[in-house]
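Each chain is listed here by its residues.
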Amino acid sequence: MVDTKQLWDNCLSEIEVAVSKPNFSTWFKNTHIFKEEGGTVYVGVPNEFVRDWLSNKYHKLILKTLTAFSDSIRGVTFVITKNTPQSDKKSNQDQPVSLNKELPLQDLYINKEDNLNPRYVFDTFIVGPFNELAYAASQAIINKPGAVYNPLFIYGGTGLGKTHLIQAMGNAIKNRYPDKKVHYITLEKFAIDYVNSVQSNKPNIFKEKYRKYDVIIMDDIQFLSGKERTQEELFHLFNTLYENNKQIIFSSDKHPNYIPGLEDRLKSRFSQGMIVDISEPEYESRIAILRAKLRDANVSLTDEVVSYIASSIQGNVRELEGSLNVVIMQAQLKNKPFSLAEVKGLIKNNIKPKKNVAIKDVVKAIADFYNIEEAIVYEKTRRKEIVKARQMIMYVLREDFNVSYPLIGQKLGGKDHTTVIHSFEKIKNDLKNNPTLTGELEQIRVLFK
Amino acid sequence: MKVECLVEKLKSAAVICERSAGKNLSLPILSSVLIIASGKSLKLRATNLSLGVEIEIPAKVTQEGIAVVKADIFNNMLSSINSNQNIDLELVNDNLLIKTKQNTILLKSTPSDDFPTIPMVEGSQIEIPAKKILEAIKSVYFSASISDIRPETNSVYVYGEDDMLICVATDSFRLAEKRVKIKNIAISPILIPLKNTIEIIRILENCSGDIVLTTNKNQLSISYNGTYITSRLVDGIFPDYKQIIPKEHTTEVVVLKQDIISALKLANIFSDKFNQVNMTVSPIKKIFEINTKNNDVGENKTKIDGALTGETVEVSFNYKYLFDAFIPISQDSVNLEFNGANKPVVIQGGGDMSFTYLIMPINK
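Keep in mind that this is a model prediction, so the values were computed, not measured.

Undergrad: With reference to specific residues and values, describe the pattern of salt bridges.
TA: Per the stated rule, a full pass over the model turns up 33 salt bridges over all chains. Where Glu-232 of chain A meets Arg-229 of chain A, a salt bridge forms, and the shortest distance between an N and an O atom there is 3.4 Å. Separated by three residues within a single helix, Glu-232 of chain A and Arg-229 of chain A lie in helix H10 (residues 228–243), roughly one turn from each other. Among the salt bridges present, the one from Arg-150 of chain B reaches Glu-152 of chain B, with a minimum N-O distance of 3.6 Å. The class of Glu-152 of chain B is buried, set by a relative accessible area of 18%. When salt bridges with common partners are traced through the structure, they connect Asp-171, Arg-174, Lys-320 and Asp-324 of chain B into a single cluster.

See the structure below:
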């Protein structure tokens, strides 16, 4: 027997010829066969108007057409169904316009008291080797807010999920301890609030406002640099909250020691709890992230495509999601799976070109970092500070940019390649037991991002 | 077809039919009205396949028959004819010949074969005074969302509970709930599309007696002496709104409705492009003040006398949302209950719990 969809399509094409076009598009367009049982076909229609009209007016025609295709059919009944398959498809196509689902009513009134976005939850947070320490710390804190790791300081590059993690912590704490007052704020908002309170001469309201919370989550701490009064205010707030065992959570894109213009007393306080970093996800985690996003969007891509996206977009999770969204949206528009070539074409603009920096630029940037003249690097001098910078340049050129030893030597004032190898090994060994040097290297690497 | 009736009766039926007739649809016949003469009455029917009406008016039928004429033309024509006289309708060569003492009009009629039937709803029936259901719906429908992206908020939610008929509407910025006491009301929750609600209100304005409300899963119908209205229902779940209505409050204000309405009207002249109206309540200083400021126009402050209790609070609202709250309130005084700066405010009529209006402040 022909399957019902095929049957109805055949039937409709017959009917389309028999009735006028306006009539067909008004009455038959959104209908389908709901089920077939014991010789009776149940036709699903969108509403009662259509049901009445079809059964009064077109009953005979439909039955006649149906029986012409299938002898076993003895009757037709019309039922009102919620969605015809066609309108289902349509709503799927509508989806990409807003990839985020509508918030239910309780979320429409986002709680202004805690500022948390309910969208950020641990269910959608993907844990991999790159962030498992941060995740473990967050779970420990959720179990005992204020008791362990206070403050928690999370740092990592942009788009790696810091905000997601800390907001999810806020939401989890809020759910588990409904009586605890959680508050999420970006440093920028905090600074503006502070300036406003000074302006309107109400510093006490400002102080009280933040002191009443049980858990404070502060995002983007790196913007503290240069804001001296805000730092002082944060320092006092920190002390008060810490004294009262209130949990404090910070996020930043740098380690506190490398936030320029941050006062020492704040640095040391940030370090007294736990500092964890979120690094860039490695290939397997990127695949896991892509798969999770695909599942949420209800789209399937071939393994080949997923692994291509994961391998071509490195580092940033946000960019990874952005590229994936492009692919998902296109897939939903076209409504067919993609070949690898098509995907390559789609996301070619999202892929950053391979790192290719002129040696001169590296020298200049690192010389600037150590505050020495660029020209001195090329000279044959053995002054300690110059040597260190020169060795660092060689190390970075070799490690990060894969320049050959002889070329490095040649470019840096005609040095022998063994000199370069020695420098490389020396820095490599020093890095193992000199945290200051490690920090410097990290800072330098940021410059080339 | 040959029939005679009163112009006045025909007029009021034609107005309703024109509004319910379809516009810009793929089926042109929907913009017409079907006229049926049979037995001792004349029936006018119009539908846009979402809403359908059928109105029966008494008439002297000499010859039974059916005619289909354009609804807008039929209505325009009748509105220009003197009331208080009789009118004759006769089908001559498939055209409708209309005669009064002064006028003779020939209207093109089209074949009636394609004119849709309107569903006769079968389901649970209840009898309600029209006034009560009208009051309930009219108190809330303006709060429904105008956009049809979410069909469940683009409609009015109606349900019965403990001898109460309850109507609710929200567009997520404000919410209105009206409770009307009706004995033994058993009506399962339904969502009436906003567009149809507006038409139903218009039609029921002229009804003084009881209506029979019939509902099933997909359709509702309202019928009263000779008028039959049917509307499709939205298939969806209305958001669980009860949980967001605050049960307590930190500040309460009781003022005369007229005072706050005049203050708001003045305030609106100076409101900015976001229609922002600021409200300051300070029970300690005994100040309840409404102020607005527009850099291009100027600013104003209005103090309103009232009974203030609780904490000091400053909130801003959208003028339109705030003003809407006072229209359905019939009492002379109104209660405003605040819960701090960024929490919804509850507005009710003085001593009247039947109407509740919830409004979100503008985020500062």
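The structure having been displayed, the exposition proceeds.
Undergrad: Give me the lowdown on the interface of chain A and chain B, citing residues and values where you can.
TA: One widely used convention gives an interface's size as the accessible area the parts lose upon coming together. In this complex, chain A contributes 22 residues to the contact, which on the side of chain B involves 34 residues. Both sides of the chain A and chain B interface together cover about 2,500 Å² of buried area, and 61% of this is carbon and sulfur. Here chain A is connected to chain B by zero salt bridges. Seen at the junction of chain A and chain B, the total is three residue pairs in polar contact (both at pLDDT 80 or more). Those elements that place two or more of their residues in the side of chain A that touches chain B are helix H2 (21–27), helix H3 (48–69) and helix H5 (105–108) of chain A. Tallying contributions element by element places H3 of chain A first for the side of chain A that touches chain B, with six residues. Looking at the side of chain A that touches chain B residue by residue, the classes come out as nine nonpolar, seven polar and six charged.

Undergrad: Give me the lowdown on the sheet that holds strand E19 (residues 276–282) of chain B, citing residues and values where you can.
TA: All names here are of chain B. Here four strands make up an open sheet; going across it, the order is E21-E20-E19-E23 and the pairing antiparallel. Of all the strands in the sheet, the pair left with one neighbour each is strand E21 (298–303) and strand E23 (313–318). Going across the sheet, the axis of each strand differs from the next one's by a mean of 20 degrees, ignoring polarity. Where strand E20 (residues 287–294) lies against E21, six bridges are found, and the strand directions are antiparallel. The partner of Thr-292 across the bridge, within E21, is Asn-300. Sheet strands touched by helix H5 (residues 257–269): E19, E20 and E21. Its angle to E20, the strand with the most contacts, is close to 20 degrees.

Calculation rules
Residues numbered from 1 in each chain as written. Chains lettered and ligands numbered in written order. Predicted model: local features only at pLDDT ≥ 70, side-chain atom pairs only at ≥ 80, totals over all residues. Heavy atoms only, no water. Salt bridge = Lys/Arg side-chain N within 4 Å of Asp/Glu carboxyl O. Helix = DSSP H or I, 4+ residues; strand = E, 2+ residues; numbered from the N terminus. Buried < 20%, exposed > 50% of the residue type's maximum accessible area, 1.4 Å probe, protein only. Contact = heavy atoms within 4.5 Å. Buried area = accessible area lost by both parts, 1.4 Å probe. Polar contact = N/O pair within 3.5 Å; in protein donor to acceptor, adjacent residues only side chain to side chain. Nonpolar A, V, L, I, M, F, W, Y, C, P; charged D, E, K, R; others polar. Pairing = 2+ DSSP bridges. Axes fitted to C-alpha atoms, helices over the stretch in contact; angles between N-to-C directions.

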